Structure formats: structure tokens, C-alpha cells
Amino acid sequence: MSPPVTITFLGGLGEIGRNCAAFELDGRIVLLDCGLMFPDADMLGIDLVLPDFTWLREHADQIEGCIVTHGHEDHHGGLSFLLRELSFPLYGSALTLGLARNRIDEAGLIDRTDLIEVTDGERRRIGPFDVEFIPVTHSVPHGFATAFHTPQGVILHTGDFKLDLTPVDGRLTDLARIGALSDQQGVRLLLADSTNADEKGYSRSETTVGAVLRDLFASHAGKRIITTCFASHVHRVQQIADAAVAEGRTIATMGMSMKKNVRLARQMGLLHIPDHRLVDIEDVGELDPAEVCIISTGSQGEPMSALALMAADENRWIKVGSGDVVIMSSHPIPGNESNVSKVIDGLVRVGVEVVHSGIEDVHATGHAKQEELKTFHSIARPEWFVPVHGEYRHLVAHARIAHQMGMAAERVLVCEDGDQLQLTDDGLVPHARVPAGYLYVDGIVGDVGQGVLRDRRVLAEEGVVVVVVAVDISTGAIITGPEVITRGWVYEDEAAEIIDQCEAAVADAIKDAFARDAIDLESLQRFVRRAAGKFVNEQTRRRPMIVPVVMEA
Ligand SMILES: [Zn+2]
Ligand SMILES: [Zn+2]
């Protein structure tokens, strides 16, 4: 009997983002990614969403480290929160760690966190695991798939990947190595990216975007060109820069993360822009607009980003108009569509020509589509399969692909956040459930619970009615009030009459209550809430939050 490997999914199975999984052998744990998720519009006031750290906290002293598969925040953005409580080293490519360190540094945790660089094809021991880092192509350079060589055989986790056969840097997904693993040891268990599992065909190669960009730059001679993409998408930035330089333009970056990442990638030799072609955004005003290319953040319509401020005519450096073309080299991630469309609208309103992925092929996805997934499965030929990274429908679509590729239904397990599996000599079996709810972060602390969110929703949709009254409990006399104060139910200045009526209704209810019974403060509060709620609902068919404030005089 070989010891079992236990795998715990803490995020990324059932949503796009907050990817986090734990691999456990002989009582020691290695994490694979710890990401964040951007909130939906109904998560009011929430900045971001993290994996539930309860289980990790309970197993804190068993954690050997965290493998960071690539430089996207949905894979490492949770670390700056988790590392406040726990301490362990991070493993990743130089670029991945360079991108991940920003948030960790901002949180003041960099001095007590070891960042350990690993290279393509490297094998190293992390705790009890023999871990191998296999190159993959994705929308940020230098991502890895991870092969865990374990007593239960090879467990292969793809991370985020696509099969780009002509990537900008020529670094391919190492299918040859995966084929060799499959031939020699066999892949016992495959965990693979499902983000695009319900998209037909193949993803386009990143280099095809470069050709489109070159054409756009050529056909917009005479205009200032402003482009936007993810700041971590070094290859996209490279292709924008190449198109700009080819047309004799000078490049300025805009937005903090774009500036930082361009500097980092140039230092690492991953991004090539000649020094004399770069200028600070402060100095861009001195140049002929037709000879400028700005590369900006804000591709997701983030309200405070450089691009959104430009659309709202509040950008410090740039005022845009009919002499400008904005190329949005990106695709909105779920939840950001309305922000993106607001930004486009704002730009078009002031006369800017906007080119986006719905008009021209100025974007290529970083995730494998169906035919690529089939190719991958045909090479890895796993014994067991669990689809990861995706909403539930993506996971199911990926399971279907595995069936199409000949896997027996019982060899494919569709799991969700909180599921714990065990790989034993007998196969892969569900083991337990662990807490894996959303951890909502507002500001810098994750203490926003479901109750707070529910309150925020009621406040946002219906408003609040506060009823203040002071009574003499012993006699039942109303000393002051009731006074009704509201925000969001009716507009106080224009609704004196209905507010007076509401106050009268509450006063009647209090008198009634005292006439019937001796009464305490707490039950009086209930009477006040019920009377006010009933009045508000009957008169206006609304259900604002009712807050009774009953004082004893
Ligand atoms: Zn990614
Ligand atoms: Zn991802």
C-alpha cells in the first residue's frame, strides 16, 4: 500500500478566479496558487473575493509552500492576505514572482516571505513532493503546468494554458514532455483548465493579434493611438510596441501597474522596446500626437483607471477627442462588461474612434478551447480526470470532452470548491468536504459576511427607515416622537405628509400595545418595527430596512 495523496479544492471550481488547491502527502501540504476573484455587481462595496482560509489556518503548520503557476492575480492575489497569518515560501518563474511580489510588498510581508525561482523543466523537492515545472503558453509569459511525482503516480495540473504553436517568445507548451510522462510513468490524475471548455475550435495564436495591430497602426496614421490591455500581458505589450515602433511612434505607458510591469519585463529581458522610443507620460504633450502611442491600463473599464478617467475627461495627462483612436486589446472578464461598455460610450461621445474585440481581432484568449483540450487529453491520456478552473458549466463541458476522448464516466469527477479527494491504490475517491465559501474583502480586511452583504442589498434597493421614540415604560406615555427618518424610502423634503402618517401609525401601535399589556423595551421595539413596516408596505409597496430606536425616558 502506498500512502494516499489528498487534494483539497479551495477555489476556482465553480467560478472564474480565486484559484487555490492543496496537495497533501504524509501530512505535509503544498499549495498550488492562491488567487483572488473580482466581485460581481451584486456584491456591493466589495473590492475582491478570496478563498476561505479556514482549512488552511487549521493546517497552518503542515504547509510547505505555495507553487504560483503564473503571474495572474486570480492565481496569486490571495497570498498578500494569507501571508499575513501564515508564513511559507513561494515557488514560481522569475516573472511570476516578480508580478506576485507587488501586492505582498505593499502588505509589508516581503521580508518574511521566501520567493524561490524555478526554471522551465526543473524538478525540485517541496516537502514530500517531487515537483516538476513544465512550460505552458498563456496570456502572461512563463507560466507552468505542474507535475507532482508521488507514490500514487504522476498528478499533472495544467494551470492556465493554451496550445499556442506560434507564441511571441517561441516558448511552447511542452507537449513532448507531457507525452514522455504519459509513455514512461503514465499520468495517474490530470487536473486541467476548463475556462474555455464550452468554446468550439482552437484559440487563435497570440502572434495573429500582432498582425492585426500592425494593420491598425498603419491605417490610423495621423491620429494619436491609445491602446489598452492587461498590464501583465507582456507579449501583447510587446506586439503593440512593435507596431508603434514600426510606424515611427514614441511610446508612453499610463497607469501604475503598466509602468511597473513594463519596467520589470524590460529588466528581465522579456520585453524589447528601444530606450529612445520610450517617453514619460508627463512629456507626451511635447510630441506631435500623430507620433505617439500610449499603452494604458483600464482594459476592464475599472472606474479609477487611466482609461476610464480619460473617457470621463478627468485624466491628468491626456485629453482625448476626434484626433484619437483607442484600441482595446482585451476582452471583458465576466462581471466587467457594463463598466467596459460605459468607458467605450464615454470615449465615443467625445469623438474618439474605439476599436475593440467585437470590431477587429485585437484580442486572443489565453485559455485552450475544445480542440486544444482534446489534443491535450490525447497526449496526457490520464487514468483519472478532474476538470478545474471554471464555472460549473465549464467543468461539465470539460468532463464531456474527456468522455468524448474515451474516458469512462466513473474516471471523471466533477468537483466543486470545498471538495476533498483522495488518490489511493484503489483510485480517486471523494474524501470529505471543507469550508470553501467566499471571503469578501472591503478595504483591507475580509470580515464582510453574508449578513452584511444582505443588509447592503436591502439598503441599496429599498433604503432605510429609522423610527425614534422615547417612552416611559411604567406609564406607557410617549415622551418624544415617534420621529421617522429615512434615506432611500421617500425623499424627506417632499414627503412630509406620508412621514407624518407613518409617525401617527407608530404612535397608535405603541398606545395599543400598552393598552393591552405590560411591556418591556425589547417587545416594544418589535411593535414599532412591525407597525412601521406594515405602514410603509401598505402605503408604498416597498420593503426598506426598518430600524426601531426605542429609548426609555
Ligand atoms: Zn491566467
Ligand atoms: Zn486563471
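What this report covers is the structure whose coordinates are included nearby. What you are looking at is a predicted structure, and each value in this text was computed from that prediction instead of being measured.

1. Things to note about the overall build of the chain
Step number 1: What the chain contains, in helices and strands, is 15 helices and 25 strands.
Step number 2: Seen through its principal axes, the chain has C-alpha atoms that stretch 85 × 75 × 45 Å.
Step number 3: A total of 553 residues make up the chain; the buried ones form 54% of that total.
Step number 4: The long-range share in the chain, meaning contacts at least 24 apart out of those at least 6 apart in sequence, stands at 71%.
Step number 5: In the structure as shown, the chain presents an accessible area of about 23,500 Å², 49% of it carried by carbon and sulfur atoms.

2. Looking at the coordination of the zinc ion (ligand 1)
Step number 1: Looking at the zinc ion (ligand 1), one finds its protein donor set to be His70 (NE2), His72 (ND1), His138 (NE2) and Asp160 (OD), positioned 2.1 to 2.3 Å from the metal centre.
Step number 2: Angles of 89 to 166° at the metal separate the four donor atoms of the zinc ion (ligand 1), which places the site in the irregular class.
Step number 3: Mapped onto the sequence, the residues coordinating the zinc ion (ligand 1) show the spacing H-x1-H-x65-H-x21-D.
Step number 4: Separating the zinc ion (ligand 1) from the zinc ion (ligand 2) is a gap of 3.4 Å, bridged by Asp160, which donates to each. Placement of His138 in the loop between strand S9 (129-136) and strand S10 (143-150) and of Asp160 in the loop between strand S11 (153-157) and helix H5 (175-184) is noted, with a sequence separation of 22 residues between them. The burial state of His138 is the same as that of Asp160; both residues are buried.

3. Here we look at the packing of helix H4 (residues 94-106) against helix H8 (residues 256-267)
Step number 1: Relative orientation of the contacting elements H4 and H8 amounts to 140°, with a least axis distance of 10 Å. Between H4 and H8, the angle falls in the class oblique. Our pair here, H4 against H8, has a crossing hand that is right-handed. Here Leu95, Gly98, Leu99, Asn102 and Glu106 of H4 come into contact with H8, specifically with Lys260, Asn261 and Leu264.
Step number 2: Residue composition of the contact of H4 with H8, by class: three nonpolar, three polar and two charged.

4. Quick notes on the nonpolar core
Step number 1: Ranked by internal contacts, the top residues of the largest apolar core, which has 31 residues, are Phe217 and Ile327.
Step number 2: Looking at this core, the elements that each hand over two or more residues are H4, helix H6 (206-219), helix H7 (234-246), H8, strand S15 (292-296) and strand S16 (324-328).
Step number 3: Broken down by element, this core gets its largest block of residues, six residues, from H7.
Step number 4: Setting aside its immediate chain neighbours within four residues, Phe217 contacts Ile225, Thr227, Ile240, Ala243, Ala244, Glu247, Arg249, Cys293 and Ile327.
Step number 5: Ranked by size, the runner-up nonpolar core spans 30 residues in total, among them Val5, Ile155, Val386 and Leu413.

5. Structural notes on the pattern of salt bridges
Step number 1: Enumeration over the complete set of coordinates arrives at 24 salt bridges.
Step number 2: The partner of Glu206 in a salt bridge is Arg236, with the nearest N and O atoms 2.6 Å apart. Pair noted here: Glu206 is in helix H6 and Arg236 is in helix H7, with a separation of 30 residues, a long-range link. The pair formed by Glu206 and Arg236 is uniform in burial state, with each residue classed as buried.
Step number 3: In this structure, Glu383 engages Arg411 in a salt bridge whose closest nitrogen and oxygen atoms are separated by 3.8 Å. A residue pair is termed long-range when its members are at least 10 positions apart, and Glu383 in the loop between helix H11 (370-380) and strand S18 (384-388) and Arg411 in the loop between helix H12 (392-404) and strand S19 (419-424) qualify at 28 residues.
Step number 4: Taking relative accessible area as the criterion, Arg411 reaches 30% and is therefore assigned partly exposed.
Step number 5: Among the charged side chains, a salt-bridge network with shared partners connects Glu15, Arg18 and Asp417.

6. Considering the packing of aromatic side chains
For any pair of aromatic rings, the description rests on two quantities: the centre-to-centre distance and the angle between the ring planes.
Step number 1: Under the counting rule described, the total for this entry stands at five aromatic pairs.
Step number 2: With a centroid separation of 5.4 Å and an interplanar angle of 70°, the aromatic rings of Phe129 and Phe148 are classed as edge-to-face. Of this pair, Phe129 sits in strand S9 while Phe148 sits in strand S10, placing them 19 residues apart in sequence. Note on accessibility: Phe129 and Phe148 belong to one class, buried.
Step number 3: Within the aromatic cluster, the residues linked to one another by ring pairs are Phe23, Phe129 and Phe148.

7. A closer look at the pairing of strand S2 (residues 20-25)
Step number 1: When you tally the buried positions in S2, you get six out of six residues, the bulk of the element.
Step number 2: Along S2, one buried face is formed by Cys20, Ala22 and Glu24 and the opposite face, lined by Ala21, Phe23 and Leu25, is buried too.
Step number 3: Two strands pair when backbone bridges link them, and strand S1 (residues 5-11) and S2 are joined in this way by six bridges, in the antiparallel orientation. By the bridge assignment for S2, Phe9 is matched with Ala21.
Step number 4: Bridge count for S2 against strand S3 (residues 28-34) is six bridges, and the pairing is antiparallel. Its bridge partner being in S3, Ala22 is matched across the sheet by Leu31.
Step number 5: Linking two consecutive strands that pair antiparallel, namely S2 and S3, is a turn of two residues; a positive phi of about 50° is found at Asp26 within it.

8. Regarding the sheet that holds S18
Step number 1: Strand order across the open sheet formed by six strands is S8-S9-S10-S11-S12-S18, with mixed pairing between neighbours. Among the strands making up the open sheet, the edge pair consists of strand S8 (123-126) and S18. Averaged over all pairs of adjacent strands, the angle between strand axes in this sheet comes to 20°, irrespective of strand direction.
Step number 2: In this structure, S11 lies alongside strand S12 (residues 187-193), joined through four bridges in parallel fashion. The partner of Leu156 across the bridge, within S12, is Leu190.
Step number 3: Helix-sheet contacts for H11 involve S11, S12 and S18, and the interaxial angle to S12 is about 165°.
Step number 4: H12 rests against S12 and S18 of the sheet, and its axis sits at about 150° to S18.

9. Details of the environment of Lys342
Step number 1: Note that Lys342 resides in helix H10 (residues 337-349).
Step number 2: Linking Lys342 and Asp33, residues 309 residues apart in sequence, is a C-alpha distance of 33 Å.

10. Observations regarding empty space enclosed by the protein
Step number 1: The full count for this structure, using the stated rule, is two cavities of 30 Å³ or more.
Step number 2: Roughly 120 Å³ of internal volume is contained in the largest cavity.
Step number 3: Every residue lining the largest cavity is counted, 18 residues in all, and those nearest its centre are Thr137, His138, Asp164, Pro167 and His235.
Step number 4: For the lining of the largest cavity, the class distribution of residues is five nonpolar, eight polar and five charged.

Calculation rules
- Residues numbered from 1 in each chain as written.
- Chains lettered and ligands numbered in written order.
- Predicted model: local features only at pLDDT ≥ 70, side-chain atom pairs only at ≥ 80, totals over all residues.
- Heavy atoms only, no water.
- Helix = DSSP H or I, 4+ residues; strand = E, 2+ residues; numbered from the N terminus.
- Buried < 20%, exposed > 50% of the residue type's maximum accessible area, 1.4 Å probe, protein only.
- Contact = heavy atoms within 4.5 Å.
- Areas by Shrake-Rupley, 256 points an atom, 1.4 Å probe, with all protein chains shown as cover.
- Donors = N, O, S within 2.8 Å, 3.2 Å for Na, K, Ca; no water.
- Tetrahedral: all angles 85-135°; square planar, octahedral: opposite > 155°, others 65-115°.
- Axes fitted to C-alpha atoms, helices over the stretch in contact; angles between N-to-C directions.
- Parallel < 35°, antiparallel > 145°, perpendicular 65-115°, else oblique.
- Left-handed = near helix turned anticlockwise from the far one by under 90°.
- Nonpolar A, V, L, I, M, F, W, Y, C, P; charged D, E, K, R; others polar.
- Core = buried A, V, L, I, M, F, W, Y, C linked by side-chain atoms within 4.5 Å.
- Salt bridge = Lys/Arg side-chain N within 4 Å of Asp/Glu carboxyl O.
- Phe/Tyr/Trp six-rings, centres within 6.5 Å; stacked < 30°, edge-to-face > 60°.
- Pairing = 2+ DSSP bridges.
- 1 Å grid on protein atoms, 1.4 Å probe; cavity = no way out; pocket = protein on both sides within 12 Å on 5 of 7 lines; lining within 4 Å.
- Points joined across faces, edges and corners; volume = space filled by probe spheres on them.

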